[in-house]
Structure formats: C-alpha cells, structure tokens
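What the coordinates show
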Amino acid sequence: MTLFKGARETFADGLVYVPGYLDAGEQDALRAAVEAAIVSAPLFQPRMPRTGKPFSVKMTNCGPLGWVSDQAGGYRYQAEHPETGRPWPAIPALALRAWEELGAYPHPPEACLVNLYGPEARMGLHQDRDEEDFTAPVVSLSLGASCIFRWGPARGGKTQSLELASGDALVLAGAARLAYHGVARILPGTSALLGGERINLTLRRVTKPP
Ligand code: SIN
Ligand code: FE2
C-alpha cells in the first residue's frame, strides 16, 4: 500500500494522524539532524517532581525553550540545557516544516522536545499542559521503532490505541490538545533506523504570542 503525504485521519476527538508523513530519505535526514543536536545538547535523565523517580525515557530539546523536569524544580520550560547550561540547538528544518504543514497555527514553535525510548521505555498517560497557549497544537514526529500510543479524554477513562511507526506524524489540536496520552510500549523488530530504539519529537508553542 502506498501512503500519501496528504493522507490523514482525524479521530473523533480532534487527534490528527498522518501516517508516512516523512519518507525514508526524510527520516534519515531528521535522524541525522537529531543526532547532531544530541552532540550539542546531550541526552539527560529527567526525574519526576517531588519523588525524583527517573523517567524511563532520556530527553533533550531543540529551540529557544526546552522542557525539563527534576525533583526540585518540577516540570518547566527553560532556555538552557540543565547540565551544560548552554542554549538548546535550533529546531531541525524538517520538524519546522511539519509544524507549518500540519499545525495550522500562525506562530512558530518554541520548543522541540526529543524523547529517546529504549526497548523497555514507556510514558505514562499525561496531558501536555505546561504551555500558556492551548490554542496552539502539539505536533509529534516518530522515528525508529514503532510504539503503541494511547490516548483518552480523561485520566482513568477509556483509552484508544494507535501504532505509531517511523515517519508518522500526529497532531494534538482542538479538543484533543489536552487529551491524556502516553506510550504503552515499544514494538521490537519494527525498524532498523535506530537499532530498536525510538525517538519522538514534539513541537510546542510555549508562550502566548505577542
Ligand atoms: C510525549 O507525550 O511527550 C511523547 C509522545 C510520544 O512519544 O509519542
Ligand atoms: Fe505528551
């Protein structure tokens, strides 16, 4: 089956799924851009507020602001890498293109969170709500191993699942902007791009535009 770039599916609650948004060459180019970003802004181990429990993913960011979390400071955006103190590298061009093509929002993103999932990593159900402007979408791009992505309207409510593969894009906008979502598991043997690991990029607008 051929997946066309324009093919997209809008789920009932406003979640837009664009399978095969990045072709193989673009996935490779984005992987190289993310690897270059990691050289300048090394992956760090985020920790839960209060408990200090480590996340199972490692993270870094691109863009003027980056999302970080640690025991003392909790969830927040900041302009500097928490370990090097340096500014984050620029958002990769293909990620900016995805924001422009899929985001339907007239201002640029300010943060591109990079999550690295090993084969055992997962992400519990949560809302993305550390941003000031919920009229802005969250645009997500997946590379490497496929995962089972879950979402639902409320914590503890019924969830739906979607398999996200390398090159797929997902937009959380409108009613789905504050949907609960997470990654139930990484699927082994689904992609050679990252040797069994998965990278997810999420683009966000953090501040209210002037
Ligand atoms: C996230 O919610 O930050 C990541 C979602 C994903 O990995 O697909
Ligand atoms: Fe999220």
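For the structure itself, consult the block above.
Residues numbered from 1 in each chain as written. Chains lettered and ligands numbered in written order. Predicted model: local features only at pLDDT ≥ 70, side-chain atom pairs only at ≥ 80, totals over all residues. Heavy atoms only, no water.

**Digging into the coordination of the iron ion (ligand 2)**
Think of it this way: four donors in a tetrahedron around the metal ideally sit 109.5 degrees apart, and six in an octahedron ideally sit 90 or 180 degrees apart. Our working rule: Because no water is among the atoms considered, metal sites can look incomplete, with donors defined as N, O and S atoms within 2.8 Å of the metal, or 3.2 Å for Na, K and Ca. Helical segments are the DSSP runs of H or I of at least four residues, strand segments are the runs of E of at least two, and each set is numbered from the N terminus.
Protein-derived ligands of the iron ion (ligand 2) are His126 (NE2), Asp128 (OD) and His181 (NE2), with the metal-ligand distances lying across 2.1 to 2.2 Å. On the primary sequence, the residues serving as donors to the iron ion (ligand 2) are separated as H-x1-D-x52-H. Taken together, the residues Asp128 in the loop between strand 7 (123–126) and strand 8 (138–144) and His181 in strand 12 (residues 180–186) connect sequence positions 53 residues apart.

**Some thoughts on the state of the cysteines**
Selection rule: Disulfides are defined as pairs of cysteine sulfur atoms found within 2.5 Å of each other. Each residue is assigned to one of three classes by its accessible area relative to the maximum for its type, calculated with a 1.4 Å probe on protein chains only: buried under 20%, partly exposed between the two thresholds, exposed over 50%.
In total, this model carries zero disulfides according to the counting rule given. Free cysteine: Cys62, not disulfide-bonded; nearest cysteine sulfur from Cys112 at 5.1 Å. The exposure class of Cys62 is buried, given its relative accessible area of 1%. Among the residues examined, Cys112 registers a relative accessible area of 0% and is labelled buried.

**Considerations on the packing of helix 1 (residues 24–40) against helix 2 (residues 93–102)**
Rule in force here: Simply put, an axis is a line fit to the C-alpha atoms, just over the touching stretch for a helix, and the angle between two N-to-C directions goes from 0 to 180 degrees. Each angle gets one of four labels, with under 35 degrees taken as roughly parallel, over 145 as roughly antiparallel, 65 to 115 as roughly perpendicular, and the rest as oblique. Residue contacts are counted whenever heavy atoms from the two residues lie within 4.5 Å of one another. When residues are sorted by character, Ala, Val, Leu, Ile, Met, Phe, Trp, Tyr, Cys and Pro go into the nonpolar class, Asp, Glu, Lys and Arg into the charged class, and all the rest, Gly among them, into the polar class.
The contact between helix 1 and helix 2 brings their axes to 8 Å, and the two run at 120°. With respect to helix 2, the element helix 1 is oriented oblique. Of the residues in helix 2, those touching helix 1 at Glu26, Ala29 and Leu30 are Leu94, Ala95 and Arg97. Split into classes, the residues belonging to the contact of helix 1 with helix 2 amount to four nonpolar, no polar and two charged.

**Considering the environment of Arg76**
Cut-off, in case you're wondering: Definition of a polar contact: a pair of N or O atoms within 3.5 Å, with one able to donate and the other able to accept a hydrogen when the atoms are protein atoms, and with sequence-neighbouring residues admitted only if both atoms are side-chain atoms.
Within the secondary structure, Arg76 is located in strand 5 (residues 74–78). A sequence separation of 10 residues divides Arg76 from Gly66, and the C-alpha atoms of the two residues are 8.1 Å apart. Looking at Arg76, its side chain comes within polar contact range of the side chain of Gln78, at 3.2 Å.

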